[in-house]
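Summary of structural features
Here is how the chains run, residue by residue.
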Amino acid sequence: MMKRIHKPYLFFLLWNVLMVGGVHISTIQHEPGRGVSGNGNLGLLVLFPSILTFIILCMWTMTLTRRWFNDHRDRSDPMYALIPIVAILLCGLFIFMEVQFIHNLGEQLNGYTNDPDSAVYRFGWLNQYTNTLYYNFPILLFGLSFSIFIGWIMERILRNRS
């Protein structure tokens, strides 16, 4: 069991969830039959800070995970084996979800940047319609799961060296 809840970490996690929402809200949803927005990409104002806080969150998650596994050195505890296995399985699930997300966005935009029928034809990959490709819930959850797995690996490497 956890000794206590790490409140700053939970606050930062909640902040990242809100940033995912901010990226989603600031990304323009294309409606078929309507023209292309010429408003520019205001979503960049949210996207870049979101990615920065996401990287910090992942590093913090690795550190907390490594510490947790270090404090729970009993390898006979089922959680010691179960947590990294579940984390890696969740990584696969979130990759699948991201691929589906990309596919659905391609259908919504009627293709991608190299398709003449697409709403984003000749746009760069980073535009007002595609901000959510770079930061969304599958990416957030994948990053957390992968960070947990990497934290476990780091603890195992440090334990084997000592």
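Each remark here, short or long, concerns the structure printed above.
Anyway, here's the lowdown on the structure attached to this text. (Residues numbered from 1 in each chain as written. Predicted model: local features only at pLDDT ≥ 70, side-chain atom pairs only at ≥ 80, totals over all residues. Heavy atoms only, no water.)

A word on the overall build of the protein
Formally: To qualify as a helix, a DSSP run of H or I must reach at least 4 residues; to qualify as a strand, a run of E must reach at least 2; elements of each kind are numbered from the N terminus. Exposure categories follow from relative accessible area, calculated using a 1.4 Å probe and restricted to protein chains: below 20% of the type maximum is buried, above 50% is exposed, and the middle band is partly exposed. Contacts are residue-level and defined by heavy atoms, with any inter-residue pair within 4.5 Å sufficient. Note on areas: these come from Shrake-Rupley sampling with a 1.4 Å probe, and a residue is covered only by the protein chains present in the view.
Counting secondary structure elements, the protein contains four helices and zero strands. In the protein, the succession of helices and strands from N to C terminus is α-α-α-α. Of all 162 residues assigned to the protein, the portion counted as buried reaches 34%. Nonlocal contacts in the protein, meaning residues at least 24 apart in sequence, comprise 76% of its contacts between residues at least 6 apart. Element-wise, carbon and sulfur atoms account for 69% of the exposed surface of the protein, whose accessible area totals about 10,000 Å².

Some remarks on the packing of aromatic side chains
Any pair of aromatic rings gets described here by the distance separating the centres and the angle formed by the planes. Put simply, the test is: Two rings belonging to Phe, Tyr or Trp (six-membered ring only in the last case) form a pair when the distance between their centres is within 6.5 Å. Interplanar angles under 30 degrees mark stacking, angles over 60 mark edge-to-face geometry, and anything in between is tilted.
Under the defined criterion, the tally for this structure stands at seven aromatic pairs. Measuring from ring centre to ring centre gives 5.7 Å for Phe12 and Trp60, while their planes differ by 50 degrees; the resulting arrangement is tilted. Of this pair, Phe12 sits in helix H1 (residues 7-26) while Trp60 sits in helix H2 (residues 44-71), and the two are 48 residues apart along the sequence. The class of Phe12 is buried, set by a relative accessible area of 16%. With a centroid separation of 5.6 Å and 10 degrees between ring planes, the pair formed by Phe142 and Phe146 is classed as stacked. Of this pair, Phe142 and Phe146 both sit in helix H4 (residues 137-161), four residues apart, roughly one helical turn. Phe142 sits in the partly exposed class, given a relative accessible area of 27%. Phe146 gets classed as partly exposed once you look at its relative accessible area, which sits at 38%. Here the aromatic cluster, defined as three or more aromatic residues joined through ring pairs, consists of Tyr9, Phe12 and Trp60.

Topic: the environment of Leu42
Structurally, Leu42 can be placed in the loop between H1 and H2. Take Leu42: its relative accessible area is 57%, and that puts it in the exposed class. As a C-alpha pair, Leu42 and Thr27 span 15 residues in sequence and 7.9 Å in three-dimensional space.

Re the nonpolar core
Selection criterion: For our purposes a nonpolar core is just a set of buried Ala, Val, Leu, Ile, Met, Phe, Trp, Tyr and Cys residues, chained together by side-chain atoms within 4.5 Å.
The biggest cluster of nonpolar side chains holds 13 residues, and the ones touching the most others in it are Phe54, Leu57, Tyr135, Leu140 and Leu144. Elements with a minimum of two residues in this core: H1, H2 and H4. A total of five residues in this core trace back to one element, the largest contributor, which is H1. Apart from residues lying up to four places away in sequence, Phe54 is in contact with Asn16, Tyr135, Ile139, Leu140 and Gly143. One finds Leu105, Leu109, Val120 and Tyr129 within the second-largest nonpolar core, a separate group that totals six residues.

As for unusual backbone geometry
Phi is positive for Asn110, which is not a glycine, with a value near 60 degrees. Looking at where Asn110 falls in the secondary structure, it is placed in the loop between helix H3 (78-108) and H4. Residue classification places Asn110 among the partly exposed positions, given a relative accessible area of 46%.

Here we look at the packing of H2 against H4
The description of two packed helices rests on the angle between their axes and on the distance between the axes. Put simply, the test is: Interaxial angle, 0 to 180 degrees, is taken between N-to-C directions of lines fitted to C-alpha atoms, where a helix line uses only the stretch in contact. By definition in this entry, angles of less than 35 degrees are roughly parallel, angles greater than 145 are roughly antiparallel, angles of 65 to 115 are roughly perpendicular, and the rest are oblique. For any pair of crossing helices, the crossing counts as left-handed if the nearer helix is rotated counterclockwise from the farther one by less than a right angle, and right-handed if it is rotated clockwise. When residues are sorted by character, Ala, Val, Leu, Ile, Met, Phe, Trp, Tyr, Cys and Pro go into the nonpolar class, Asp, Glu, Lys and Arg into the charged class, and all the rest, Gly among them, into the polar class.
Following both chains from N to C, one finds H2 and H4 inclined at 40 degrees, their axes separated by 7 Å at the closest point. One finds that H2 runs oblique with respect to H4. In this structure, H2 meets H4 at a crossing whose hand is right-handed. Among the residues forming the contact of H2 with H4, the class breakdown is 13 nonpolar, six polar and three charged.

The values are spatial; any link to function lies outside them.
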